[in-house]
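# A look at the structure
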Amino acid sequence: MFPIVEIFGREIGSYQIMAIAGILVAGFYACRAASKRGHDDNLMIQLLAITAAGVFFGGHILFGLTNSRYFPYLVRALQEGAFVRAGRMFLILFGGSVFYGGLLGGLLTGFICMKKMKLDVPMYTDVLAPVIPLFHFFGRIGCFLGGCCYGVESSVGFVFTDSLVETANHVRRLPIQLIEAGFNMLLFLLLAYLLKKAYLQGRLLMLYLLLYPVIRFILEFWRGDVGRGFIFGLSTSQFISMCLFVVIGIQWIILQKRRREV
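Okay, so let's go over this structure. Everything quoted here is computed from the prediction, not taken from an experiment.

### Some details on the nonpolar core
Core analysis: the largest hydrophobic core is formed by 52 residues, its most contacted members being Tyr-29, Met-44, Leu-47, Tyr-100, Leu-103 and Tyr-208. Breaking this core down by element, the ones donating at least two residues are α1 (14-36), α2 (41-66), α5 (99-116), α6 (121-146), α7 (176-196), α8 (204-219) and α9 (236-261). A total of 11 residues in this core trace back to one element, the largest contributor, which is α6. Ignoring anything within four residues of it in the chain, the contact list for Tyr-100 reads Leu-62, Tyr-212, Pro-213, Arg-216, Ser-237, Ile-240, Ser-241 and Leu-244. In terms of nonpolar packing, the next biggest core, distinct from the first, is built from five residues, Leu-74, Ala-86, Met-89 and Leu-93 among them.

Shown next as structure tokens:
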């Protein structure tokens, strides 16, 4: 669609614009939600900043792992002293980002940060739960505008002509990015409502980690970018979705059992 936008004579990627918009909107929501519950919104800003670092590095690291087939070329370039070529290979390996890598990286750094800052973990995770799909909503619109994470060929949809991913162009494709964006907005509205009504306190993040993997697992069947990595016949994201759902599902059952015993 519109991968590059010119602003004040400078070219800026539409994905980057949407990511910044997502950060601002999600950050505003998180601070307001924390403040309404009597917590310091400055602490929330610090937590979000540290978590964002985990999201950034986690997303790029998993992208590199899904493209591990290029590692031998990087090693060979380094051995031959071809550092320019090695730099290009490094960008190919780690230049993109995978959502699940960012999610897991953000959760890890966020949890460590909350423990170090001695924050109320259940309260803060409840606030953060709607923040994730809200930011992801903007991110997926950015994917659509940029032409990445594209859908399969379809009789209905959009034809990309300027996507930075050449294989996405000149074929009518299902707008799977917009479909996932819609589901993310529904997830946000649901979690925001539950947070406002104080339902499922201390479990909203777990609820997100149960619902999103189901959505992602199903939508992956309509993804057309086959270069995103596969494990045992499933895409990398489907494999992670399945593992995440099982792990969180077991934790949910254990938590429910403990609550009944109290």
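What follows continues from the structure just given.
### Concerning the side chain of Arg-173
Within the secondary structure layout, Arg-173 lies in strand β4 (residues 172-173). Buried and unpaired, Arg-173 has Glu-153 as its nearest opposite-charge partner, separated by 4.7 Å. Polar contacts involving the side chain of Arg-173 include one to the main-chain carbonyl oxygen of Thr-167, which spans 2.9 Å. Excluding its chain neighbours within four sequence positions, the residues that come into contact with Arg-173 are Tyr-150, Gly-151, Val-152, Glu-153, Ser-154, Val-156, Gly-157, Phe-158, Thr-167 and Ala-168.

### Some thoughts on the packing of α7 against α8
With their axes 11 Å apart at the nearest point, α7 and α8 run at an angle of 160° to one another. Taken as axis vectors, α7 and α8 run roughly antiparallel relative to one another. In the packing of α7 onto α8, the handedness of the crossing is right-handed. Contact residues: α7 offers Ile-176, Ile-179, Glu-180, Phe-183, Asn-184, Leu-187, Leu-190, Leu-191, Leu-194 and Leu-195, while α8 offers Leu-204, Leu-207, Tyr-208, Leu-211, Tyr-212, Ile-215, Arg-216 and Leu-219. In terms of residue class, the contact of α7 with α8 is made up of 15 nonpolar, one polar and two charged.

### Things to note about the packing of α2 against helix α4 (residues 83-94)
In the contact formed by α2 and α4, the axes pass within 7 Å of each other and the chain directions differ by 105°. As far as their axial angle goes, α4 and α2 are roughly perpendicular. On α4, the residues touching His-60, Ile-61, Phe-63 and Gly-64 of α2 are Ile-92, Leu-93 and Phe-94. The residue makeup of the contact of α2 with α4, split by class, is five nonpolar, two polar and no charged.

### Remarks on the pattern of salt bridges
Summed over all chains, the structure comprises five salt bridges. Measuring nitrogen to oxygen at the nearest pair gives 3.9 Å for the salt bridge that ties Glu-180 to Arg-216. Remark: Arg-216 occurs in helix α8 and Glu-180 occurs in helix α7; sequence separation between them is 36 residues. Taken as a pair, Glu-180 and Arg-216 share a single burial class, namely buried. Two residues, Arg-216 and Glu-220, come together in a salt bridge whose shortest N-O distance is 2.8 Å. Judged by its relative accessible area of 3%, Glu-220 is buried. Connected through salt bridges with shared partners, the residues Arg-140, Glu-180, Arg-216, Glu-220, Arg-223 and Asp-225 form a single ionic network.

Cut-offs used in this document
- Residues numbered from 1 in each chain as written.
- Predicted model: local features only at pLDDT ≥ 70, side-chain atom pairs only at ≥ 80, totals over all residues.
- Heavy atoms only, no water.
- Core = buried A, V, L, I, M, F, W, Y, C linked by side-chain atoms within 4.5 Å.
- Buried < 20%, exposed > 50% of the residue type's maximum accessible area, 1.4 Å probe, protein only.
- Helix = DSSP H or I, 4+ residues; strand = E, 2+ residues; numbered from the N terminus.
- Contact = heavy atoms within 4.5 Å.
- Lys, Arg positive; Asp, Glu negative; His and termini not counted.
- Salt bridge = Lys/Arg side-chain N within 4 Å of Asp/Glu carboxyl O.
- Polar contact = N/O pair within 3.5 Å; in protein donor to acceptor, adjacent residues only side chain to side chain.
- Axes fitted to C-alpha atoms, helices over the stretch in contact; angles between N-to-C directions.
- Parallel < 35°, antiparallel > 145°, perpendicular 65-115°, else oblique.
- Left-handed = near helix turned anticlockwise from the far one by under 90°.
- Nonpolar A, V, L, I, M, F, W, Y, C, P; charged D, E, K, R; others polar.

Geometric values such as these leave the question of function open.
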